[in-house]
Structures are given as C-alpha cells and as structure tokens.
Amino acid sequence: GALCYTLNGSDPRLTGGEVSTDALVTYDPRTVLRLRSSAVMKARIFLDGTWSALLHLDVISEEEDFSKLSITELHYHPPELPVDGDTISGKDLEFIELKNTGDVALNLSGLSLDSAVSYEFPEHTLLAPGQFYVIASKPSAFYLRYGLVASGNYKKNLSNGGEEVLLADQNGVPLIRFTYSDLSPWAQEADGYGYSLVSANDFPNSNPTLYSDW
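Computed from a prediction, not measured in an experiment: that's the story for all the values here.

**Q** Quick question: what am I supposed to make of the overall build of the protein chain here?
**A** Within the protein chain one finds 1 helix and 18 strands. Taking the principal axes of its C-alpha atoms as reference, the protein chain extends roughly 60 × 45 × 30 Å. Residues classed as buried in the protein chain amount to 42% of the 214 residues present. For the protein chain, restricting intrachain contacts to residue pairs at least 6 apart in sequence, the fraction spanning at least 24 positions comes to 58%. Counting only carbon and sulfur atoms, one obtains 49% of the accessible surface of the protein chain, whose full area is about 11,900 Å². Taken as two groups, the 14 positive and 29 negative side-chain charges of the protein chain have centres that lie 6 Å from each other.

What follows is the structure, encoded as structure tokens:
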C-alpha cells in the first residue's frame, strides 16, 4: 500500500477517509527520510481503501532556529472570577501563550522563562507548526475559566504594573525579551478590565518590544 505521512502533527487521514492535503505519499518500501529539523510525524498505510492504525513519532533535533517562536498572548492582570459563591484571584488566572508560526516543529526542551515568572520546558517538548503552548499561573483555575488544559505551570506572578518577560535557550541566551506596561500608549483594557495583551499580527515579531506590536 501507500505510506502516507505528515511532519506537522496532523493526521494523514481526513475525517471521511480521504488523504489529507498535508500528507506526503510514497509507494516505495525503500524510502529513506532525511530530516533536518524537529518534526511531529504521523503516518498510516493506505491499502485498497483501508487505513492502518496511526503511528506517531517525535523527531527531536538538538539544534533549532527559534526565529518563528513567538509570544502571542499575555494576560498579566486578569480580574477576579466569582465561582459558586467564591472568588478566584486574578493572579491565579494569569497566563502566557507561545506559538510556533513556522512550518517545522520546534524542540522547546530546556528553554526557560525567567525574570517576571519562572518556568523550564520539560525534556522532549515538541511544538508542531501552528500550535500553541500555554503556561498558566494556576492550571486548575485556567481550566475552570476557559475549559482548556494548560501546557505548563509557571512560578511567581506577573506584575500588574508591567515588567520584563524573558525567554532564554538552554544556555541562557535570550530568545524573546520585552517589557510590557500598564501605562498609555499600551492598551489599557488589559489592565484589570478582562482583556489580555494579544499580538497585533498573525505572524508576530519574535521580540515584540513596542506597544504597537500588541
């Protein structure tokens, strides 16, 4: 049969049984794949209209180009959330969202957030193209508010008055570094009024240092 596979984490089989447009297809059993970057590989055999079970393989590179890794959302001053007669502190609802805006997977293992908050990415952490990685102050509160499971849990809290956010590689070299603020001309709606700072661009600058980037 045909070996159908993707390198972006998606299923080569579409709902309904068609071959995905993202899938690469080969009929040669001697095919050798030479990958030059990390990849989230998913593969199936397609034979006479029947699909095999899904195979998932994470390919991890030791060297990465992080130019396509961006911080796309920052909720530094959420308001309190009333729940069943109780109140969840706004500090527990903070989060930082990262996105892989490139077309290859990224190995985030060993990267760290340091300064405003503290978080180290676990080993074998791959972020597929177009996917998000959300680090929350309190994952349980994040789930209660948004119905989504956070990818990680950082220590400390973001300042409501603004401070530096630093994402560094395994050797401590800065990858993303910027300072947000609650003062004009930064968006005032993000300062306790229920809104977050969100990237102003679909493919944001990897170092969003200006208020106009948000």
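**Q** Explain the sheet that holds strand β12 (residues 119-120) to me, please; I cannot follow it from the model alone.
**A** Strand pairing in a sheet is mediated by backbone hydrogen bonds. Such pairs are either parallel or antiparallel. The antiparallel open sheet is built from 4 strands, whose spatial order is β12-β11-β16-β17. Unpaired on one side and paired on the other, β12 and β17 (174-179) mark the two borders of the sheet. Bridging between strand β11 (residues 112-115) and β12 involves 2 bridges; their strand directions are antiparallel. Pairing of Leu113 across the sheet is with Tyr119, part of β12.

**Q** When you look at the pattern of salt bridges in this model, what are you seeing that I'm missing?
**A** Side chains that carry opposite charge are capable of pairing whenever their charged atoms lie near each other. Under the definition given, this model contains 5 salt bridges. In this structure, Arg30 and Asp28 form a salt bridge, with 3.2 Å as the shortest nitrogen-oxygen distance. Of the residues examined, Arg30 reaches a relative accessible area of 69% and is grouped as exposed. Note on Asp28: relative accessible area 33%, which makes it partly exposed. Between Lys138 and Asp92 there is a salt bridge, with the nearest N and O atoms lying 3.9 Å from each other.

**Q** What should I look at first to understand the nonpolar core in this one?
**A** One broad trend across soluble globular proteins is that nonpolar side chains are buried collectively. With 29 residues, the main nonpolar core has Leu69, Ile96, Leu98, Leu108, Phe121, Leu158 and Tyr180 as its most contacted residues. Contributions of two or more residues to this core are made by β6 (69-75), β9 (95-100), β14 (132-136), β16 (164-168) and β17. The biggest single contributor to this core is β6, with 3 residues. Sequence-distant contacts of Leu108, that is, excluding residues within four places in its chain, are made with Phe66, Leu69, Phe121, Thr125, Leu127 and Tyr133. By size, the runner-up hydrophobic cluster in this structure holds 5 residues, among which are Val134, Ala136, Phe142 and Ala150.

**Q** Please clarify how the pairing of β6 should be interpreted in this entry.
**A** Both faces of the sheet carry side chains from a regular strand, because those side chains alternate between them. With 7 of 7 residues buried, β6 lies mostly within the body of the structure. Note: β6 against β9, 6 bridges, orientation antiparallel. Bridging across to β9, Ser70 finds its partner in Lys99. Here β6 runs beside strand β18 (residues 197-198); their pairing, made up of 2 bridges, is antiparallel. Looking at the pairing, Glu73 lines up with Val198 of β18.

**Q** Could you clarify how one ought to interpret the environment of Arg13 in this entry?
**A** Position of Arg13 among the secondary structure elements: in the loop between β1 (2-6) and β2 (24-26). Residue Arg13 is classed as partly exposed on the basis of its relative accessible area of 32%. Along the sequence, Arg13 and Leu126 sit 113 residues apart, while their C-alpha atoms lie 22 Å from each other. Those residues within four positions of Arg13 in sequence are excluded, and the remaining contacts are Glu18, Arg44 and Trp51.

Definitions and limits used
Every residue gets a number counted from 1 within its own chain, in the order that chain's sequence is written. Local features in this predicted model are restricted to residues of pLDDT 70 or higher, and side-chain atom pairs are both shown and tallied only at a pLDDT of 80 or more, whereas totals for entire chains, interfaces and linings draw on every residue. For the side-chain quantities, the full set of heavy atoms in the structure was used; hydrogens and water were omitted. To qualify as a helix, a DSSP run of H or I must reach at least 4 residues; to qualify as a strand, a run of E must reach at least 2; elements of each kind are numbered from the N terminus. Type-normalised accessible area, obtained with a 1.4 Å probe on protein chains alone, sets the label of each residue: buried when under 20%, exposed when over 50%, and partly exposed for intermediate values. For this analysis, residues touch if any pair of their heavy atoms sits within 4.5 Å. Surface exposure here means Shrake-Rupley accessible area, sampled with a 1.4 Å probe, where a residue is shielded only by the protein chains that are shown. All tallies of charge rest on Lys and Arg as positive and Asp and Glu as negative; His and the ends of each chain are not included. All charge positions are set by atom: Lys at NZ, Arg at CZ, Asp at CG, Glu at CD. What makes two strands pair is DSSP finding at least two bridges between them. Salt bridge, as used here: a side-chain nitrogen of Lys or Arg that lies within 4 Å of a carboxyl oxygen of Asp or Glu. Put simply, buried Ala, Val, Leu, Ile, Met, Phe, Trp, Tyr and Cys residues joined by side-chain atoms within 4.5 Å make one nonpolar core.

Shape is all these values report; function is a separate question.
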